[in-house]
Amino acid sequence: MNNLGTYVLLLFISGILLFALIRRTAIFDCFLEGAKDGMQNAISILPALIALLFAVKLLTASGITEALTHTLSPLLKKIGFPAEVLPLCILSPLSGSGSLSAFQDILATYGADSYIGRVASVIAGATETTFYAVTVYYGAIGVKKIRHTIAAALCADISGFILASFFVRLFFD
Amino acid sequence: MMNYIWPCLILFSIVFSVFSGNVLQLGDAVFTSVTEAVTLTIKMLGMFCFWSGIMQIAKVSGLTDKISKLLSPILNRIFPSIRNDVETRNAVAMNVTANLLGLGNAATPLGIAAMRRLQAHSENKSVASNDMVLFVVLNTACIRLIPTTAAMLRHEAGAAAPMDILPATVLTSLLSCTIGLIAARAFEGRHYE
């Protein structure tokens, strides 16, 4: 079960190659052609990525996560959301590596099969690094005015946190 | 907007670190962040090349068309304006497929290709169109059928059944993604200049 991701990956690649073989596609030529495009895309996002990582690293190093957790936990206790998961919620839209280590911290401290551990697992499994995706997608194609993207994406993130605690209670209590 | 958010974030962090006593950590972060961005790009360089190559095979062989047709009832509803543009719908379909399968590394280069196609539709190239916003939100709140990484870490932490979070994860991501898309549609009018 834990190797499921590997199987999906290998099945996906073999599926594409088999289909292309049957259709007599010029597979190797196509690969080189596509890979060349990919290279340009990767380079074009570097400036935006430096800008994002710089701001995010400073923000997380400033100790804001701990301060926010401390301030907001009484409020969260009232609506039944486990405050212990809050560091993960704050980091998950900002930083992929940061939220991963916050998630591991929670699992190690409270156990994977506790209520807190499960809510954290669902959040880690159901959310993406919002600011990273926004930076990469718009950075690559040179869009400067991103309008309501962040507002809508954060709506999805926040509702995801609340829904995670709701569904864990629904399925495991 | 980024012209304000970015400097404010940095200035806020610097001021806050003075009060919280984390000034030295902040100094480290200045250097590590830049190096990390370069390391990340080099890592992505290989991934982008590989997946763009594989997907070019899928495209030329006609597999993309088949997957795109399969997803078209949903995609046409989310992006009505690309209904008649098969190329763009194909690009969006491949990105969504990679997301569903949890192949994040493949989803990103495919998503950039789709963004380029969407950009071709908009008049002002430096402003995000409604479709572009919808597409990015779809990716930030992607529906994932298999929570691979989370399950792996749960296994390492000694969970009895690491995949038991799957129903809750699928429902959570499905609903939060829907809410994100509704929010994107709802905010469209207000932010137009």
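Worth saying up front: this structure is predicted, and the values here are computed from it rather than measured.

### Considering the overall build of chain B
At step 1: When helices and strands are tallied, chain B shows eight helices and zero strands.
At step 2: Sequence-ordered secondary structure for chain B, helices as α and strands as β, is α-α-α-α-α-α-α-α.
At step 3: With the C-alpha coordinates aligned to their principal axes, the bounding extent of chain B is approximately 55 × 55 × 35 Å.
At step 4: Of all 193 residues assigned to chain B, the portion counted as buried reaches 51%.
At step 5: A sequence separation of at least 24 residues applies to 55% of the contacts in chain B between residues at least 6 apart.
At step 6: Here chain B has roughly 9200 Å² of accessible surface; of this, 68% comes from carbon and sulfur atoms.

### Considering the domain arrangement of chain A
At step 1: The domains assigned to chain A are domain 1 (1–40) and domain 2 (45–172).
At step 2: One C-alpha centre belongs to domain 1 of chain A, the other to domain 2 of chain A, and the line joining them spans 32 Å.

### Things to note about the interface of chain A and chain B
Interfaces are often sized by the amount of accessible area the parts lose when they come together.
At step 1: On the side of chain B, 101 residues touch chain A, which itself brings 89 residues to the contact.
At step 2: Counting the contacts that link chain A with chain B gives three salt bridges.
At step 3: Between R154 of chain B and D113 of chain A there is a salt bridge whose closest N-O contact spans 3.2 Å.
At step 4: Applying the counting rule to chain A against chain B returns 23 residue pairs in polar contact (both at pLDDT 80 or more).
At step 5: Counting only elements with at least two residues in the side of chain A that touches chain B, the list comes to α1 (4–22), α2 (27–44), α3 (46–61), α4 (64–79), α6 (96–110), α7 (115–126), α8 (130–141) and α9 (149–172) of chain A.
At step 6: Classifying every residue of the side of chain A that touches chain B by side-chain character gives 58 nonpolar, 21 polar and ten charged.

### Brief notes about the pattern of salt bridges
Side-chain pairs of opposite charge can arise whenever the charged atoms involved come near each other.
At step 1: Applying the stated criterion across every chain yields a total of eight salt bridges over all chains.
At step 2: Close ionic contact of K57 of chain A with E36 of chain B constitutes a salt bridge, the shortest N to O distance being 3.0 Å. In this pair, K57 of chain A is assigned in helix α3 and E36 of chain B in helix α2 (residues 23–61), connecting two distinct chains.
At step 3: Looking at E36 of chain B, the relative accessible area reads 28%, which means it is partly exposed.
At step 4: Between D85 of chain B and R117 of chain B there is a salt bridge whose closest N-O contact spans 3.4 Å. Taken together, the positions of D85 of chain B in the loop between α3 (63–78) and α4 (86–100) and R117 of chain B in helix α5 (residues 104–121) put the pair 32 residues apart, joining distant regions of the chain.
At step 5: Taking the relative accessible area as the measure of exposure, D85 of chain B reaches 14% and is therefore buried.
At step 6: Residue classification places R117 of chain B among the partly exposed residues on the basis of a relative accessible area of 28%.

### Thoughts on a nonpolar patch on the surface
At step 1: Residues F166, L170 and F171 of chain A together with L171 of chain B make up a contiguous nonpolar surface patch of about 360 Å² in total accessible area.
At step 2: In terms of residue count, α9 of chain A provides more of the nonpolar patch than any other element does, three residues in total.
At step 3: By the element assignment, L170 of chain A lies in helix α9.

About the cut-offs
Residues numbered from 1 in each chain as written. Chains lettered and ligands numbered in written order. Predicted model: local features only at pLDDT ≥ 70, side-chain atom pairs only at ≥ 80, totals over all residues. Heavy atoms only, no water. Helix = DSSP H or I, 4+ residues; strand = E, 2+ residues; numbered from the N terminus. Buried < 20%, exposed > 50% of the residue type's maximum accessible area, 1.4 Å probe, protein only. Contact = heavy atoms within 4.5 Å. Areas by Shrake-Rupley, 256 points an atom, 1.4 Å probe, with all protein chains shown as cover. Domains from an automatic or database assignment. Salt bridge = Lys/Arg side-chain N within 4 Å of Asp/Glu carboxyl O. Polar contact = N/O pair within 3.5 Å; in protein donor to acceptor, adjacent residues only side chain to side chain. Nonpolar A, V, L, I, M, F, W, Y, C, P; charged D, E, K, R; others polar. Patch = residues over 30% accessible without salt bridge, like charges linked within 9 Å, V, L, I, M, F, W, Y side chains within 5 Å.

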